[in-house]
Amino acid sequence: MTLKRIILSILTLIVVLLMGTSLISSLGQPQVGNQLQLYQTDLLVQASEWDGSGLPDDEVQQFRKAVFGKEALESAIEQYQEVRATSATGLERLQQQLASAPSTNDEQVQQLATASTQQQLINQIDLRVGMVQAQKGEVAKAIKTWQKLTSSTGQATGRTDEATAVTAATLVDLWQMPATVSPETAAILNNNLRGWFRYRALERLYTVEEQP
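Residues numbered from 1 in each chain as written. Predicted model: local features only at pLDDT ≥ 70, side-chain atom pairs only at ≥ 80, totals over all residues. Heavy atoms only, no water.

1. Considerations on the overall build of the protein chain
Link 1 in the chain: Counting its regular elements, the protein chain contains nine helices and zero strands.
Link 2 in the chain: Listed by position from the N terminus, the elements making up the protein chain come as α-α-α-α-α-α-α-α-α.
Link 3 in the chain: Of all 212 residues assigned to the protein chain, the portion counted as buried reaches 38%.
Link 4 in the chain: For the protein chain, the share of sequence-separated contacts (at least 6 apart) that also reach a separation of at least 24 residues comes to 64%.
Link 5 in the chain: Looking at the protein chain as shown, the accessible area adds up to about 12100 Å², and 53% of this sits on carbon and sulfur atoms. (Helix = DSSP H or I, 4+ residues; strand = E, 2+ residues; numbered from the N terminus. Buried < 20%, exposed > 50% of the residue type's maximum accessible area, 1.4 Å probe, protein only. Contact = heavy atoms within 4.5 Å. Areas by Shrake-Rupley, 256 points an atom, 1.4 Å probe, with all protein chains shown as cover.)

2. Brief notes about the packing of helix 5 (residues 106–135) against helix 9 (residues 195–208)
Link 1 in the chain: As a packed pair, helix 5 and helix 9 sit with axes 11 Å apart at the nearest point and diverge in direction by 50 degrees. As summarised for this structure, helix 5 and helix 9 are arranged oblique, according to the angle between their axes. Every pair of crossing elements has a handedness; the one defined by helix 5 and helix 9 is left-handed. Residues Arg128, Met131, Val132 and Gln135 of helix 5 touch helix 9, and the partners they reach there are Trp196, Phe197, Arg200 and Ala201.
Link 2 in the chain: The residue makeup of the contact of helix 5 with helix 9, split by class, is five nonpolar, one polar and two charged. (Axes fitted to C-alpha atoms, helices over the stretch in contact; angles between N-to-C directions. Parallel < 35°, antiparallel > 145°, perpendicular 65-115°, else oblique. Left-handed = near helix turned anticlockwise from the far one by under 90°. Nonpolar A, V, L, I, M, F, W, Y, C, P; charged D, E, K, R; others polar.)

3. A closer look at the packing of aromatic side chains
Link 1 in the chain: One pass over the full model with this rule turns up two aromatic pairs.
Link 2 in the chain: Ring centres of Trp146 and Trp175 lie 5.4 Å apart, and the angle between their planes is 50 degrees; this geometry places the pair in the tilted category. Remark: Trp175 occurs in helix 7 (residues 162–175) and Trp146 occurs in helix 6 (residues 139–147); sequence separation between them is 29 residues. Judged on exposure class, the residue Trp146 and its partner Trp175 are both buried.
Link 3 in the chain: Note on Trp196 and Phe197: the rings are 5.1 Å apart at their centroids and 85 degrees apart in plane angle, and the pair reads as edge-to-face.
Link 4 in the chain: For Arg128, the ring lying beneath its charged end belongs to Phe197, and the centroid distance is 5.4 Å. (Phe/Tyr/Trp six-rings, centres within 6.5 Å; stacked < 30°, edge-to-face > 60°. Lys NZ or Arg CZ within 6 Å of the ring centre and 35° of its normal.)

4. Topic: the environment of Val166
Link 1 in the chain: By the element assignment, Val166 lies in helix 7.
Link 2 in the chain: Residue Val166 is classed as partly exposed on the basis of its relative accessible area of 33%.
Link 3 in the chain: C-alpha of Val166 to C-alpha of Thr150: the two residues are 16 residues apart in sequence and 7.1 Å apart in space.

5. Comments concerning the pattern of salt bridges
Link 1 in the chain: The final tally for this structure, using the stated rule, is five salt bridges.
Link 2 in the chain: Taking the shortest distance from any N to any O, the salt bridge between Glu74 and Lys136 comes out at 3.2 Å. Here Lys136 lies in the loop between helix 5 and helix 6 and Glu74 lies in helix 4 (residues 72–100), a separation of 62 residues in the sequence.
Link 3 in the chain: Here Arg84 and Asp126 are joined by a salt bridge, their closest N and O atoms 2.7 Å apart. Pair noted here: Arg84 is in helix 4 and Asp126 is in helix 5, with a separation of 42 residues, a long-range link.
Link 4 in the chain: Of the residues examined, Asp126 reaches a relative accessible area of 14% and is grouped as buried.
Link 5 in the chain: Each of Glu74, Lys136 and Glu138 takes part in a single network of salt bridges with overlapping partners. (Salt bridge = Lys/Arg side-chain N within 4 Å of Asp/Glu carboxyl O.)

The quantities given are spatial measurements derived from coordinates; they are silent on function.
This is the structure:
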């Protein structure tokens with residue numbers, strides 16, 4: 001087994017433990033696999049911040065190459081896009097089933113709930129992709145990605161959920177030139193973002209506000 005596979009296996013185990021009983025109770029649902037891969041990619045994004053902790057540079061580079069294969073954040077974007085494509089395919093299939101159904105029944109109610117979850121997952125992926133793009137210095141791409149989340153998607157399953165839309169709009173305000181900050185900005189970032197994504201957004205906020 002290669003070093004990359006060993007490390008990814010360890011990360012996957014950590015993800016499963018973090019997801020806890022909610023994952024165990026939902027193993028039969030098709031969207032769980034996508035959610036698991038999303039969490040794994042989130043961990044890889046956070047791992048990309050590792051600076052080697054005093055190890056020699058050649059060992060650090062060897063480790064990063066084994067884990068990421070190439071530039072870490074670019075690899076993360078590719079993995080996010082893979083999960084998004086799978087989720088979008090599942091969502092389209094559900095929408096076709098709902099459109100062809102003659103009346104509402106319990107099965108349709110379940111399909112609507114699943115479709116809504118898939119749409120929210122897609123929205124969360126887009127939010128993350130924008131953050132990674134911004135971290136890579138591709139600010140114009142990031143803003144374009146977030147702006148798509150600030151308006152109605154027109155999907156049969158519903159629209160971009162309010163929390164995601166507000167967060168996306170806040171991120172656009174932070175990274176646009178000139179940046180704009182409201183009294184609610186910090187609270188929105190703290191409430192709606194997690195881990196690496198929260199830290200990077202708050203870092204940007206403090207930079208804009210010229211805080212230490």
